[in-house]
Number of protein chains: 2
Amino acid sequence: MTDISRVAVIGAGVIGAGWVARFMENGIDVALFDPAPDAATKVKAVLDNADRAYQKLTMAPRAKRGNLEFSPSLAEAVQGKQLVMEAVPESLALKQSVYKDIESHVDAGVIIASSTSGILPTQLQEKMANPQRLLVAHPFNPVYLLPLVEIVAGEQTSPKVTVAAGEFFNQLGMYSLPIRKEIDAFVADRLLEAVWREALWLVKDGIATTAEIDDAIRFGFGLRWAQMGLFESYRLAGGEAGMRHFIAQFGPCLQWPWTKLTDVPELTDELIDTIARQSDEQSGQYSFRELERIRDDNLIAILQALKINQWGAGETLGRYEQALFDAGAREETATDEDPGQPLLTLERTVPPDWTDYNNHMNESRYLQCFADASDALLRRVGVDADYVADSGSYFTVETHIRHLDEVAALQPIKVTTQVLNGVGKKLHVFHRLFHGDGRLLATAEQLLIHVDLESRKASEPTPEVSKWLTEISAAHAALDMPEGCGRAIGDPH
Amino acid sequence: MTDISRVAVIGAGVIGAGWVARFMENGIDVALFDPAPDAATKVKAVLDNADRAYQKLTMAPRAKRGNLEFSPSLAEAVQGKQLVMEAVPESLALKQSVYKDIESHVDAGVIIASSTSGILPTQLQEKMANPQRLLVAHPFNPVYLLPLVEIVAGEQTSPKVTVAAGEFFNQLGMYSLPIRKEIDAFVADRLLEAVWREALWLVKDGIATTAEIDDAIRFGFGLRWAQMGLFESYRLAGGEAGMRHFIAQFGPCLQWPWTKLTDVPELTDELIDTIARQSDEQSGQYSFRELERIRDDNLIAILQALKINQWGAGETLGRYEQALFDAGAREETATDEDPGQPLLTLERTVPPDWTDYNNHMNESRYLQCFADASDALLRRVGVDADYVADSGSYFTVETHIRHLDEVAALQPIKVTTQVLNGVGKKLHVFHRLFHGDGRLLATAEQLLIHVDLESRKASEPTPEVSKWLTEISAAHAALDMPEGCGRAIGDPH
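Residues numbered from 1 in each chain as written. Chains lettered and ligands numbered in written order. Predicted model: local features only at pLDDT ≥ 70, side-chain atom pairs only at ≥ 80, totals over all residues. Heavy atoms only, no water.

Peer 1: What am I meant to see in the nonpolar core here?
Peer 2: Generally speaking, nonpolar side chains in soluble globular proteins are found buried as a group. A:Phe169 and B:Phe169 are the most contacted members of the largest nonpolar core, which totals 210 residues. For A:Phe169, the residues in contact, after removing those within four places along its chain, are A:Trp19, A:Met85, A:Ala137, A:Val149, A:Ile151, A:Met174 and A:Ser176. Of all hydrophobic cores here, the second largest spans 34 residues; its members include A:Ala442, B:Leu346, B:Phe370 and B:Ala442. (Core = buried A, V, L, I, M, F, W, Y, C linked by side-chain atoms within 4.5 Å. Buried < 20%, exposed > 50% of the residue type's maximum accessible area, 1.4 Å probe, protein only. Contact = heavy atoms within 4.5 Å.)

In structure tokens form, the structure reads like this:
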């Protein structure tokens, strides 16, 4: 764990604001400086998007959001910080002057990270008093959701600085990729530039419109690249003979006529007009914010999908989620809930993709809420991943759900859990699902049995788990038997 | 609807075999010709992968798989077919000779589609007797999962042919993208070639390894490109000022030094060795088949995720799924089930991403099976999307699940549904979830109420729906009351 917790961001464009959101969503207080008069408005829009995205990104308890302070000057923003993220426009002279300014207000140990998408760190650090503190940390839009951050050191950068910064970004749910040698545009943007050049030719020559080029990407290799990259995909494209065969087979194509178009097309007014017009035709039916939210929803859905497969960016999300769960469990233990009342076992908003064609939360998601609530109760009494690996698990044997009211996407919901009986192998609970406004949406009575995962037979939990459950059920014994409990389907209620 | 149902494939490489799988999975019989002695073995491996993938791709009833015939000669393969898919190696002379051969055995109206990834259709059709029948249909690996197919016409291609072929591929769950002008490598491969050139330089110059380049893609812009392409993503990267601002801001970068590297790097033995070695280090811990299956699982998860958001390739999958549901409903109506027995309302395999950390089907997915079974029953009695739009819907008010046994990923499952009461506003059903081997896994008793979607109040179903449900419940009246029905949690069973 690095202990970076005091951060300043200089520049409130799309990237700067994205950094602010990423930091705040991870509980870090941020001081932001940007002289533009509309900076606050723009940042608020990005923070709103990030807030919306993080409500859906994971089912783990969300970190307490950090605070944002708009600093009236760069000096006040960087004062007392441990890391300063520079996200000003792509001008070497401007960036060098910003570093000079920052350095005059901070200690020598403070890390300065540049978000540049292409300028060499060795150039950036040329005029610095303490050049060893500067590195490039190049993120990708939307910064609060995409994990990649390219870490590039200049000739004078201290290896300690790159390591500390890389670890810090990883803790924010990002994926730090150290680049071996500095090179203009680093790695990802070099690939993007190549595609961009080629795409400009295709539009200019009337081969395809912007929408058609996008379709050629997102219905084909874009789907591959969300999970494997170029080389791993081609390893499979070559058939079982593998990579060497692939290169041997397709290498000659590199010399074919289509490699002629490697020049940069001239960005004439006409070409710019064509692109802007085609882009409007393609995406103009959505407002900028709508399109951003569509993108975010898709990214979240893809990240969650890959998380289930424990692959690539999904694996990164899984690790991040685990850290949030762990932090949440520590916090739960620390709160002073009334032990005589049902426990708060779930608190979240309804993800939009949980709704059915009737436009309310899908039937099976009610059971997911209750199952997640049972899991939260179990984690709380010590049945975590380690316990499951060593000592068994609880299996649900019966559930009786009563659906009492509807709930729509993005509405806040919570579950409380009353332990009716927690002694021995059986665990009998009663969950209540509430809307944030207090309406009771559904109840579920569940019977769980502790199972030995080797024999798949009922078994006693460990004494420690038993002790916790016995304590909770004793504390809940004074509560009334819940309405709707112990009844069969169709009994009046 | 096109009526293409008799298809031949010439060439059984990765692409040819992928086409065979795509056709068969859509109920089309395929004749395949490939003179290679190991063709059958290689095709079987691809078909096994496709079979595995289609078990998970959608919850809709799967089409009855088409048959595959290995033809001993090209002549026998193409005999009597309506469309011949050519997927032989990328040699103009070879392809031209194959077309000559095909044409000598088929009628003038038969469509010939080439899978070439870059040769101009005008060149391909140069020596043909009926050049109007040839088009390029360029798919992407894995052909059975990725939707994109570039449709490219040559100078002599009949527009009728491109339209018919495009419609045909769309019916197979693909996304036909007509390319406006023919150009070497068309659109997608031109972009891919640009990235490939750039990536070769990065490896050659030691900037990044193959694994690092792949990470730069799949943790960053690859995630964007699975759902939006280049232009729509950049529209957002420019901030609210939009596309014109983006180009104005980043256009100058095109003239920066990093655009120098547009030449083609020489594919020396050393470079090939480096790539093959790095690729082994990156992916060598997986067998070729394992890696293919990881890729397929990821693609399915991404497609399903995008389907929920009704976006891009997910929208394509959604339409395809709807067509399968419709076909399944037609088939259900046509079968001669015993009306006095519980109805078969669900039949599928357990998707791997439905399993929990205990490695069996996740608790909430049991309710999804039962909810889907109720939906299937409702579709059968006329409660489809049109009905919901006009006349209301059934809401579940109570569910009592008993979990009796576990089931693992990819196991076959089915649900039968007994209608206990289907008269009036109430629908009382009893579902049984079975393993394919006959084991009872769970039961669910459900009470549903017909609801007017305007008032959100209980209402009578239409007379037609009522008539169907009354008929089914009358036919089921003679069945025994199911074991476990009408009981409360914890009652002995």
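Peer 1: Sorry, what's going on with the relation of the copies chain B and chain A here?
Peer 2: Here the second copy of the chain follows from the first by a rotation about an axis and a shift along it. Under the fitted operation, chain B is carried onto chain A by 0.0 Å of movement along the axis and a turn of 180°, and the coordinates agree to an RMSD of 0.2 Å. Here the two chains are linked by the operation of a two-fold rotation axis. Most of the interface of chain B is mirrored in chain A, where 100% of its interface residues again form contacts. (Least-squares fit on C-alpha atoms with pLDDT ≥ 70 in both.)

Peer 1: Could you clarify how one ought to interpret the packing of helix α1 (residues 14–25) of chain B against helix α2 (residues 39–57) of chain B in this entry?
Peer 2: Angle between the axes and distance between the axes: these two values describe a pair of packed helices. All names here are of chain B. Running from amino to carboxyl end, α1 crosses α2 at an angle of 40°, the nearest separation of the two axes being 9 Å. Here α2 runs oblique to α1, going by the angle between their axes. By crossing handedness, the relation of α1 to α2 is classed as right-handed. Here Ala17, Gly18, Val20, Ala21, Arg22, Met24 and Glu25 of α1 lie close against α2, whose contacting residues are Val43, Val46, Leu47, Ala50, Asp51 and Tyr54. (Axes fitted to C-alpha atoms, helices over the stretch in contact; angles between N-to-C directions. Helix = DSSP H or I, 4+ residues; strand = E, 2+ residues; numbered from the N terminus. Parallel < 35°, antiparallel > 145°, perpendicular 65-115°, else oblique. Left-handed = near helix turned anticlockwise from the far one by under 90°.)

Peer 1: Explain the interface of chain B and chain A to me, please; I cannot follow it from the model alone.
Peer 2: Interface size is often expressed as the accessible area that is lost when the parts come together. Each partner contributes residues to the interface: chain B has 149 residues there, and chain A has 149 residues. Across the chain B/chain A interface, buried area totals approximately 14900 Å², and carbon plus sulfur atoms make up 67% of it. The interface formed by chain B and chain A includes 10 salt bridges. Here A:Glu212 and B:Arg180 are joined by a salt bridge, their closest N and O atoms 2.8 Å apart. Between chain B and chain A we count 44 residue pairs in polar contact (both at pLDDT 80 or more) in total. Looking at the side of chain B that touches chain A, its residues break down into 78 nonpolar, 37 polar and 34 charged. Sheet analysis places strand β10 (residues 393–403) of chain A next to strand β10 (residues 393–403) of chain B, joined by 5 bridges and oriented antiparallel. Among the inter-strand pairings, A:Thr399 is bridged to a residue of β10(B), identified as B:Ile401. (Buried area = accessible area lost by both parts, 1.4 Å probe. Salt bridge = Lys/Arg side-chain N within 4 Å of Asp/Glu carboxyl O. Polar contact = N/O pair within 3.5 Å; in protein donor to acceptor, adjacent residues only side chain to side chain. Nonpolar A, V, L, I, M, F, W, Y, C, P; charged D, E, K, R; others polar. Pairing = 2+ DSSP bridges.)

Peer 1: Quick question: what am I supposed to make of the packing of aromatic side chains here?
Peer 2: Here the distance between the centres and the angle between the planes together describe a pair of aromatic rings. Tallying each qualifying case throughout the model produces 21 aromatic pairs over all chains. Judged by centre distance (5.2 Å) and plane angle (80°), the rings of A:Tyr234 and B:Trp196 are edge-to-face. With A:Tyr234 in helix α9 (residues 230–237) and B:Trp196 in helix α7 (residues 188–204), this pair bridges two chains. Of the two residues, A:Tyr234 and B:Trp196, both sit in the buried class. Between the aromatic rings of B:Trp19 and B:Phe23, the centroid separation amounts to 5.4 Å while the plane-to-plane angle is 15°, which identifies the pairing as stacked. One end of the pair, B:Trp19, and the other, B:Phe23, are both in helix α1, 4 residues apart, so they sit about a helical turn from each other. Here the two residues B:Trp19 and B:Phe23 agree in accessibility, since each one is buried. Among the aromatic side chains, those forming a connected cluster through ring pairs are A:Trp19, A:Phe23, A:Phe168 and A:Phe169. Stacked on the ring of A:Trp468, the Lys or Arg A:Lys467 has its end atom at 5.1 Å from the ring centre. (Phe/Tyr/Trp six-rings, centres within 6.5 Å; stacked < 30°, edge-to-face > 60°. Lys NZ or Arg CZ within 6 Å of the ring centre and 35° of its normal.)

Peer 1: Could you clarify how one ought to interpret the sheet that holds strand β5 (residues 111–114) of chain B in this entry?
Peer 2: Sheet strands line up and pair through hydrogen bonds in the backbone, either parallel or antiparallel. Residue and element names in this part refer to chain B. On the basis of which strands lie adjacent, the open sheet formed by 8 strands has the order β3-β2-β1-β4-β5-β6-β7-β8 and mixed pairing. Two strands close off the open sheet at either side, each with one partner strand: β3 (68–70) and β8 (175–178). The mean inter-strand angle of the sheet, taken between neighbouring strand axes irrespective of direction, is 25°. Judged from the 3 bridges that link them, β5 and strand β6 (residues 134–139) form a sheet pairing that is parallel. Pairing of Ser114 across the sheet is with Val136, part of β6. Across the sheet, helix α4 (residues 92–103) is in contact with β1 (6–10), β4 (83–86), β5 and β6; its angle to β5 comes to roughly 160°. Helix-sheet contacts for helix α6 (residues 159–171) involve β1, β4, β5, β6, β7 (148–153) and β8, and the interaxial angle to β7 is about 175°.

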